[in-house]
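Residue strings, one per chain:
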Amino acid sequence: MFFLHALATKRKQLLAAGDTLALKKLPVVTVFEKSSSPGGVWRSDRNKHAFDETTCNSNSDNAEEGASTNMYEGLWINGHKEGMEFFDYTFEEHFKSPTPAYLPRQRILEYIMARVSLHEDIFQNVLFNTSVLSVTYDKEFEQFVVSAQNSHGKTTTQLFDKCIWASGLNGKPRIPYDLLQKLKNFNGKIAHSSAMDRIASLTPCDHNNAVQGKRILMVGDSYSAEDLALQCIKLGAEKIYITTRTGEGSASYMGSWPENKVEMLWYSQIAGVKEDGKTIMCDTLNNDYAPACVNDISIIIFCTGYEPNLHFLDEELQPWKKHEDCGVWCLEDFGENSETWRMKENAMTEALGHVAPSKELELNSDYIVENSYRRVLIKNPSMMFIYEQTSYPLLEIDVAAWLSLAYITGELPIPTEEEMVERNKRELLDSMHELSVRYEIDNNFSAAWCALPSDHWSNDTSCSKYRSYLDEYNSYEIRILARDMKDAKYPLQLGDIHNLNTSGLKLLKMLCDDCIGRYTLSKCDGETKKWKTFRDIDPTPFRSLVTDMASVPLKGKWLEIDDDGNPLHDM
């Protein structure tokens, strides 16, 4: 959808400039879309065959390939809306007045759809209700062979010069089948977070409220656990338990939960079910924490994330290797000496000192993967990928669409295979100086960090040192976004890979304020903790990158309003 909008925007610009030569370079695009209408995961009705307590019990490849994901009714965004605003259609234009920093899913979907419809009917060449069966590459004719099937069962095969995979990272629910086996005697409902609408309405105005008065166990501490826990509290759940293996998910950083209704089961994983069918036993993954046991559980929700739908892509065309096939590297592979290498001074230097790099470093990070280079497949640069990597998925996908279009039109030259490999190496080396990346790819570094005492300032989110560290930690992903904006000639600019401009620094500050808003809930007084969520924090730091319009407070306490901001008791 965003690629089609980027194409329509570029076409309008070239027509206005009378650049007929450049117009001829624009591609003719065919889009295959499994759903019946646009909106992707932002549509709450997209998933007709989501995993629930029935389909969860089948470890079937066919079941997984038939699954997709959706957002449940009642979901609100977890990140501030200013990171979702587009340069050519602002929130001010759409909503006609200031809005809160955090909005319901439906409002964002309406905004997205209004924005992509600005220039032309971009959906005229979209084949809705059509599933891609396979994509291969014919090396002799240098074309992609795409086989697809529509909802009537008709199968077609077409040839294309370029191929863009834009199915998103949330393609299908990640179902932990090993845990399902341990839960086979559970006497309650089980669902993946994407299928919550199948077992309970999550809209306060609906009387089909199956969570009221219930004790709920959530597996995983991701964003979905954070949001679902809050939504279930709003709907009157009695108690919510959240298991976390690492303590690094979004829910684990919540300073406090309304009415103290959420209990984190730190460093734990499900071990089994007692004979009563309602008591869940959890093993500990950390000897400093005792095994947990929670009773009278009625609903278990897998907040275990998603996997991309890649099954239809030929293995040679896939952007990532399977986990077991992922490579490792050491500094010597890239001409460095592990003994003499030193990380640049940073916010954690005083605390950690010099940490010798691991002999084996991960070859894949959130931003660098060995099969591809900045949205293109290294072995076949006619194969491209649009997906999210940063905290601002909508903005990033829009930038990725512009970048892909620049590659296709030749406005941005694609490096040779050798150049792409070398540039990935250089980026890996450079990223070893970035706190966020080194923590991810270097086990020695992450172990040293985790070994810091619990009372160290890096665990005190209210101190000034922590804020400086957070700015540095989050800076890299904004600079990655800024780099791609610059190369794609995206109309909104944040700086470059080395330095952020005023807008980039503004976005970085809002990202950190968004994080701090969760952490500092722990500092609230007892009465405030009974109702306050991160969506209730002071909205004034959140200002539009385009218009500078500030966000405004919600119309009431988040727990007490519906999606329109009306008091729940008035419905």
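Analysis parameters
Residues numbered from 1 in each chain as written. Predicted model: local features only at pLDDT ≥ 70, side-chain atom pairs only at ≥ 80, totals over all residues. Heavy atoms only, no water. Pairing = 2+ DSSP bridges. Helix = DSSP H or I, 4+ residues; strand = E, 2+ residues; numbered from the N terminus. Axes fitted to C-alpha atoms, helices over the stretch in contact; angles between N-to-C directions. Polar contact = N/O pair within 3.5 Å; in protein donor to acceptor, adjacent residues only side chain to side chain. Contact = heavy atoms within 4.5 Å. Parallel < 35°, antiparallel > 145°, perpendicular 65-115°, else oblique. Left-handed = near helix turned anticlockwise from the far one by under 90°. Buried < 20%, exposed > 50% of the residue type's maximum accessible area, 1.4 Å probe, protein only.

**Q** Describe in detail the sheet that holds strand β12 (residues 268-273), supporting the description with residues and values.
**A** One open sheet accounts for three strands, arranged β12-β13-β14; its pairing is antiparallel. Of all the strands in the sheet, just β12 and β14 (292-294) have a single pairing partner and so form its edges. Each adjacent strand pair in this sheet contributes to an overall mean axis angle of 25°, direction not counted. Where β12 and strand β13 (residues 280-284) come together, five bridges link them in antiparallel fashion.

**Q** Please set out the side chain of T533 residue by residue, giving values where relevant.
**A** On the secondary structure map, T533 appears in the segment after α16 (526-529). A polar contact is formed between the side chain of T533 and the side chain of D536, at a distance of 2.9 Å. Setting aside residues no more than four positions away along its own chain, T533 makes contact with L230, P258, L521, W558 and L559.

**Q** Can you break down the packing of helix α1 (residues 2-17) against helix α10 (residues 393-409) residue by residue, with the values?
**A** The geometry of α1 relative to α10 is characterised by a closest axis approach of 8 Å and an angle of 55° between their N-to-C directions. When the interaxial angle is binned, α1 and α10 end up oblique. The interaxial crossing formed by α1 with α10 has right-handed handedness. Contacts from F2, F3, A6, L7, T9, K10 and Q13 of α1 reach α10 at L394, I397, D398, A401, W402, S404, L405 and I408.

**Q** Residue-level account of the environment of T528, with values.
**A** Assignment of secondary structure puts T528 in helix α16. Given the relative accessible area of 17%, T528 is considered buried. Expressed as a C-alpha distance, the spacing of T528 and L494, which sit 34 residues apart in the sequence, is 37 Å.

So yeah, pure geometry; function would need other evidence.
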